[in-house]
Structure formats: structure tokens, C-alpha cells
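These are the residues of each chain, in order.
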Amino acid sequence: MTKNIVFLLLFSAVVCGQNKNKELIKFTPEASFAFSSQLYIGENYLSKGHNDGIGAYFKMNFVTYKKFKLGIQFEKTTQKVTDKAIGGNINKTNSNNLGGVISYQAFTKNKIAFEPQLKIAEVTLRQKDGSKYYGSQSGTQVGISSDVIFKLNKTLSIFTNIGYNYSFLKVETSPEYKDYFNNSQSINISIGLIIKEYV
């Protein structure tokens, strides 16, 4: 799924970059770098057996259509195991996700902008103990969030993002434990930098 998303985004960027109607569809590269914290909630494996995740993400918007932006995002976070009865032999879980993001430029006034977003990504959880790798689970993550942006100049902006993610995981387990291991929920808080133009 993720490969198809990335291919469609790159294809759209190339096509839109050649589009003669530049006022309708524009190729507008915009990069975001952020540190992030994931606060896991609910009755599930990550929230009950791990601490909150700390990590970072990179987002690249390629295409603007009217007030919509289309891009891709990669995020990596690490959660330490706090309950060995749940986590077993591992001491941390790494969460990686890659997918597509649609943003909407809902509000802009002076130097302040507000942009809600929808994300669909492939997520992979990797269990480790030091350098020893124990296994992984994969699935699909859906997220809603919003950027609050403060523009420093034409090129640079700082922003904070608050959002909610829900992950559907594929874990082979007993039927009574499927709800516990096959989903995760988190509140995400991020702060970072946006670069809109390249020299």
C-alpha cells in the first residue's frame, strides 16, 4: 500500500510540475522536520506495557491544489518497555510509519496559519533488546491532526502539531487477545521547522 501511495504522489508531482494551468495545480515543495511525542492511550499492548514514545518525523509536501496540499511523511518513535510481564524479553519497541498526507489551508492571517491534516500510512513495530532483534508487526495507521504555523519569513516557519492516530495491526494471537494486541491509539504532539523555498 505504501509503495502505491508514494508512487502516486511522485507521479502527481511530476505531472503537476508540467501542468500549464499553474493557478489550479502547483508543484510546491515544502519540507517539515519535527521532534514528536506519542502519548499512548486505551486498553492495548503499547499503552499498558510501554512508556510514551519519543521520536521525530519528516514530511514533504509536493503538490498544492487550491487550498489542499499533498505529500508524504515518515515518522520514527521509540517506546521503552515498562512492564516485563507484557513486554517479555524486549526492552523497547520502535515504531516506523510511512504514508500519504493531505493538508487543508483552513486559516491564514498575518503570520499565523492553521492547517488540519489526514494521514494514511503503513506502520511497522519492531521489538528489540539492546541490539538483538526479536520480531515485528505491521499494519495500517490512520491519523487526524492540525498544524499551527508561525511564519518567520518567506522561507522559514516554526510549527506545532497536535493529532490522534489509530493503528490497525496484524498480530497472530488468541481471539480473546486480538483487541489488545491488534490496535493502538495515541495522542501526538510535535514541534518543528518548515522550509518552503530552496536556494
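Anyway, here's the lowdown on the structure attached to this text. (Residues numbered from 1 in each chain as written. Predicted model: local features only at pLDDT ≥ 70, side-chain atom pairs only at ≥ 80, totals over all residues. Heavy atoms only, no water.)

Moving on to the pairing of strand β2 (residues 53–65). Bridge analysis of strand β1 (residues 25–41) against β2 gives 12 bridges, and the strand direction is antiparallel. Bridged to A31 within β2 is M60. The loop that links β2 with its antiparallel partner strand β3 (residues 68–80) comprises 2 residues; one of these, K66, has a positive phi angle of about 55°. (Pairing = 2+ DSSP bridges. Helix = DSSP H or I, 4+ residues; strand = E, 2+ residues; numbered from the N terminus.)

Turning our attention to the environment of N94. Inspection of the secondary structure puts N94 in strand β4 (residues 92–104). Taking the relative accessible area as the measure of exposure, N94 reaches 8% and is therefore buried. (Buried < 20%, exposed > 50% of the residue type's maximum accessible area, 1.4 Å probe, protein only.)

A few words now on the pattern of salt bridges. According to the stated counting rule, one finds 6 salt bridges in the structure shown. The residue K196 makes a salt bridge to E30 at a minimum N-O spacing of 4.0 Å. Taken as a pair, K196 in the segment after β9 (183–195) and E30 in strand β1 lie far apart in primary sequence, 166 residues in all. For E30, a relative accessible area of 7% corresponds to the buried category. (Salt bridge = Lys/Arg side-chain N within 4 Å of Asp/Glu carboxyl O.)

A few words now on the packing of aromatic side chains. Counting across every chain of the model gives 3 aromatic pairs. Between the aromatic rings of F68 and Y104, the centroid separation amounts to 4.9 Å while the plane-to-plane angle is 50°, which identifies the pairing as tilted. Placement of F68 in strand β3 and of Y104 in strand β4 is noted, with a sequence separation of 36 residues between them. An angle of 55° between the planes, with centres 4.8 Å apart, marks the rings of Y166 and F168 as tilted. Here Y166 falls in the partly exposed class, since its relative accessible area comes to 24%. (Phe/Tyr/Trp six-rings, centres within 6.5 Å; stacked < 30°, edge-to-face > 60°.)

What follows deals with unusual backbone geometry. Despite not being glycine, K66 shows a phi value in the positive range, around 55°. In this structure, K66 sits in the loop between β2 and β3.

The next subject is the pairing of strand β7 (residues 132–151). Where strand β6 (residues 112–129) and β7 come together, 18 bridges link them in antiparallel fashion. In the strand pairing of β7, T124 is matched with S138.

Nonpolar side chains collect at one region of the surface, where L24, Y65, F68, I102, Y104, L118, I120, V142, I144 and F168 lie side by side and expose about 840 Å² of accessible area between them. Within the residue set of the nonpolar patch, elements represented by two or more residues are β4, β6 and β7. Among the secondary structure elements, L24 is positioned in the loop between α1 (2–17) and β1. Since its relative accessible area comes to 32%, L24 is described here as partly exposed. (Patch = residues over 30% accessible without salt bridge, like charges linked within 9 Å, V, L, I, M, F, W, Y side chains within 5 Å. Areas by Shrake-Rupley, 256 points an atom, 1.4 Å probe, with all protein chains shown as cover.)

Attention now goes to the nonpolar core. Side chains that are nonpolar tend, in soluble globular proteins, to be buried together. In this structure, Y40, Y45, L46, V81, I90, V123, L125, L169 and V171 together form the largest nonpolar core, which totals 9 residues. The set of elements that each furnish at least two residues to this core consists of α2 (45–49) and β6. Beyond its immediate stretch of four places on either side in the chain, L46 contacts Y40, Q79, T93, L125 and S184. (Core = buried A, V, L, I, M, F, W, Y, C linked by side-chain atoms within 4.5 Å. Contact = heavy atoms within 4.5 Å.)

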